[in-house]
Amino acid sequence: CIVLAIGVALDYHNGMAPLRRAYDHTLANATNDIAAAIEGKGDLADARARRILASLDVGLADYRSYYRLRSVANGEMAGQADLPEASITAPVSFADTFYRGQKLRIASRRIDTGAGPVIVTVAETTQKHDAASWRIVGSLLLTDVLQLGATILFVWLGVRQGLRPLSRL
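Residues numbered from 1 in each chain as written. Predicted model: local features only at pLDDT ≥ 70, side-chain atom pairs only at ≥ 80, totals over all residues. Heavy atoms only, no water.

Attention shifts here to the overall build of the protein chain. Per the secondary structure count, the protein chain includes three helices and five strands. When the elements of the protein chain are put in sequence order from the N terminus, they spell out α-α-β-β-β-β-β-α. With 169 residues in all, the protein chain has 36% of them scored as buried. For the protein chain, long-range pairs separated by at least 24 residues make up 54% of all intrachain contacts whose partners lie at least 6 apart in sequence. Per element, the accessible surface of the protein chain, about 10100 Å² overall, is 60% carbon and sulfur. (Helix = DSSP H or I, 4+ residues; strand = E, 2+ residues; numbered from the N terminus. Buried < 20%, exposed > 50% of the residue type's maximum accessible area, 1.4 Å probe, protein only. Contact = heavy atoms within 4.5 Å. Areas by Shrake-Rupley, 256 points an atom, 1.4 Å probe, with all protein chains shown as cover.)

On to the side chain of Ser93, then. Of note, Ser93 is situated in strand β3 (residues 93-99). From its side chain, Ser93 meets the backbone nitrogen of Thr89 in a polar contact 2.8 Å long. A polar atom in the side chain of Ser93 sits 3.2 Å from the backbone nitrogen of Ala90. When near neighbours in sequence (up to four residues on either side) are disregarded, Ser93 contacts Ala86, Ser87, Ile88, Ile106, Ala107 and Ser108. (Polar contact = N/O pair within 3.5 Å; in protein donor to acceptor, adjacent residues only side chain to side chain.)

Following the sequence through the fold, Thr121 ends up in strand β5 (residues 116-125). Beyond its immediate chain neighbours, meaning those up to four positions away, Thr121 contacts Tyr66, Tyr67, Arg68, Leu83, Pro84, Glu85, Ile106, Ala107 and Ser108.

Counted according to the given criterion, the structure contains one aromatic pair. Relative to Tyr99, the ring of Tyr66 lies with its centre 5.1 Å away and its plane at 85°, an arrangement referred to as edge-to-face. Here the residue Tyr66 occupies a position in strand β1 (residues 65-71), and Tyr99 occupies one in strand β3, the gap between them amounting to 33 residues. By the burial criterion, Tyr66 is buried, and Tyr99 matches it. (Phe/Tyr/Trp six-rings, centres within 6.5 Å; stacked < 30°, edge-to-face > 60°.)

The element β5 is extensively covered by neighbouring structure, given that nine of its ten residues are classed as buried. With ten bridges connecting them, strand β4 (residues 102-113) and β5 associate as antiparallel partners. Bridging from a neighbouring strand, Ser108 pairs with Thr121 of β5. Between β4 and β5, which pair antiparallel in sequence order, lie two residues. (Pairing = 2+ DSSP bridges.)

Right, let's get into the nonpolar core. Ranked by internal contacts, the top residues of the largest apolar core, which has 15 residues, are Ile34, Ile38, Leu69, Ile111 and Val120. The set of elements that each furnish at least two residues to this core consists of α1 (2-38), β1, β4 and β5. If you tally residues by element for this core, the top one is α1, at six residues. Core analysis: the second largest hydrophobic core is formed by seven residues, Tyr66, Ala86, Tyr99 and Ile106 among them. (Core = buried A, V, L, I, M, F, W, Y, C linked by side-chain atoms within 4.5 Å.)

Take the confidence of the model for the protein chain next. The predicted model of the protein chain has a mean per-residue pLDDT of 79, with 86% of residues at 70 or higher. When pLDDT is averaged over each helix and strand of the protein chain, the minimum, 62, is found for helix α2 (residues 46-54) and the maximum, 89, for β3. (pLDDT = per-residue confidence, 0-100.)

So this is what it looks like as structure tokens:
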């Protein structure tokens, strides 16, 4: 059982890293699409940003995506003004936070436009990630429990068969 628990924990950790990267990649692509739409211009219509974010929508209950465009010099440009930003430490930076009572994954990037630097932030609730995580955990646990059961059965049969001559003696 201890080996099973360790195996499930390792499988979960190794399975979650690529899943997290895939969801982060989707958020990064959304920030890149919005950034490409405003680079050089410094403005973006809300309808255009909503079309870009619609690509994230999967129709899950309580699933939402948000965005925020903030001019470093002039303040808010579009989107949800109170949406938190990830601190910019890489071309695209990520963070987990709570917003309006929901857990979010956030991606932020800074771009230079004709009107000055702009911070582009895109966020989505974590329902997609959480649902996929539970499916992975369930699958891993089922597989590992079946493997443990088969191992116990084969050890029991092997020991029983190996001790048969001793029983006759």
